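# Inside the fold
These are the residues of each chain, in order.
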Amino acid sequence: MGGKSTLLRATCLAVILAQLGSYVPCEMCVLSLVDIVFTRLGATDRIMTGESTFFIECSETAAVLQSATQDSLVLLDELGRGTSTFDGYAIAYAVFRHLIEKVNCRLLFATHYHPLTKEFSSHPHVTLQHMACTFKSKSQSSLEDQELVFLYRLAPGACPESYGLQVALMAGIPKQVVEAALRAGGMMKQSIGDSFRSSERRSEFSTLHEEWIENTSNSVKDWRM
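Residues numbered from 1 in each chain as written. Predicted model: local features only at pLDDT ≥ 70, side-chain atom pairs only at ≥ 80, totals over all residues. Heavy atoms only, no water.

With that settled, consider the pairing of strand β1 (residues 37-40). Along β1, the buried face is formed by Phe38 and Arg40; none of Val37 and Thr39, which line the opposite face, is buried. Where β1 meets strand β2 (residues 73-77), four bridges bridge the pair, whose relative direction is parallel. Residue pairing across strands places Phe38 opposite Val74, the latter belonging to β2. What joins β1 to β2 is helix α2 (residues 53-67), and the crossover it makes is right-handed. (Buried < 20%, exposed > 50% of the residue type's maximum accessible area, 1.4 Å probe, protein only. Helix = DSSP H or I, 4+ residues; strand = E, 2+ residues; numbered from the N terminus. Pairing = 2+ DSSP bridges. Right-handed = clockwise from strand over helix to strand, strands pointing away.)

The structure is reproduced here in structure tokens:
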């Protein structure tokens, strides 16, 4: 509801309009030609052919990985949400890393996997952004008294937290159910607190990127020689 999917679609339209020589709704435009625009947006299934939402998601992502070039524009929205959390995160991580380190294309990648933003927070090819929001609080007594307001504005940095419980209240899920979810979420965070704290302490590149960093450094040295 923050507007990220709309932002992704608007980016596609702006690129197409710019390359057609049409009006682009912006204050300034630096035109870089794009050979093809790839998108993986929305969620749907194909019941008649037995293809689940996740299968379609993977099929469309496969087409991107097989065909994207350095001059392509790739937009992926919540990759990996159609399967288990661990598998989804692993797929999102691997696809994201391949596109920025192997394909090296222009990429907008929207995700709710907060550990993924921490993993790439110091990567030289990644800039973190989020859709801004704020709260109008009637009081500080309960979650129900905090009204979530979406600003529909792109702001620097990773999103500080997820606001799923507030959205659940707005959608009409009973207060007692949301409060139970709030307690459950707190227990889950506490149970894996060490992992959260260790991820917060990441100030250098993840060890998962060391091979890429080493190869990149060697390539620069070879080029200079």
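Turning our eyes to something else, we now look at the UniProt feature "domain: DNA mismatch repair proteins mutS family" (unreviewed entry) in the protein chain. Residues annotated in UniProt with the feature "domain: DNA mismatch repair proteins mutS family" (unreviewed entry) correspond here to residues 72-88. With 24% helix and 29% strand, residues 72-88 has end C-alpha atoms that lie 24 Å from one another. (UniProt positions renumbered as here; feature names shortened; annotations may be inferred.)

In this structure the tally under the stated criterion is five aromatic pairs. The interplanar angle of 80° and the centroid separation of 5.8 Å between the aromatic rings of Tyr89 and Tyr113 together place this pair among those described as edge-to-face. Within this pair, whereas Tyr89 is found in helix α3 (residues 85-103), its partner Tyr113 is found in the loop between β3 (106-110) and α4 (114-119), the two being separated by 24 residues in sequence. Overall, Tyr89 belongs to the partly exposed group, its relative accessible area being 23%. Judged by centre distance (6.4 Å) and plane angle (40°), the ring pair of Phe150 and Tyr152 falls under tilted. (Phe/Tyr/Trp six-rings, centres within 6.5 Å; stacked < 30°, edge-to-face > 60°.)

The bulk of non-glycine residues show a negative phi, and the bulk of peptide bonds are trans. Even without being glycine, Asn104 reaches a positive phi, approximately 60°. Considering the arrangement of structural elements, one finds Asn104 in the loop between α3 and β3. Even without glycine at this site, Tyr152 takes up a positive phi of about 50°.

On to the pattern of salt bridges. For the coordinates displayed, the defined rule picks out eight salt bridges. Taking the shortest distance from any N to any O, the salt bridge between Arg40 and Glu57 comes out at 3.9 Å. In this pair, Arg40 is assigned in strand β1 and Glu57 in helix α2, connecting sequence segments 17 residues apart. In terms of burial, Arg40 and Glu57 fall into one category: buried. Measuring nitrogen to oxygen at the nearest pair gives 3.4 Å for the salt bridge that ties Glu78 to Arg81. (Salt bridge = Lys/Arg side-chain N within 4 Å of Asp/Glu carboxyl O.)

All right, on to the UniProt feature "signal peptide" (unreviewed entry) in the protein chain then. When the UniProt feature table is mapped to this numbering, "signal peptide" (unreviewed entry) covers residues 1-22. Helix makes up 77% of residues 1-22 and strand 0%, whereas the separation of the span's terminal C-alpha atoms amounts to 29 Å.

Moving on, we come to α3. Taking 1.5 Å as the rise per residue, α3 with 19 residues should run 27 Å; its terminal C-alpha atoms sit 26 Å apart, in good agreement. Among all positions in α3, only Gly88, Ala92, Tyr93, Val95, Phe96, Arg97, Leu99, Ile100, Glu101 and Val103 are buried. Of the residues one or two after α3, Asn104 is the one with positive phi, at around 60°. (Expected span 1.5 Å × (residues − 1).)

Between its terminal C-alpha atoms α2 stretches 22 Å, which fits the 21 Å expected from 15 residues at 1.5 Å a residue. When α2 is considered as a whole, its buried residues turn out to be Ile56, Glu57, Thr61 and Val64. Projected down its long axis, α2 carries its buried residues within an arc of 130°, all on one side. Buried residues in α2 make contact with β1, β2 and α3. (Arc of directions from axis to C-beta. Contact = heavy atoms within 4.5 Å.)

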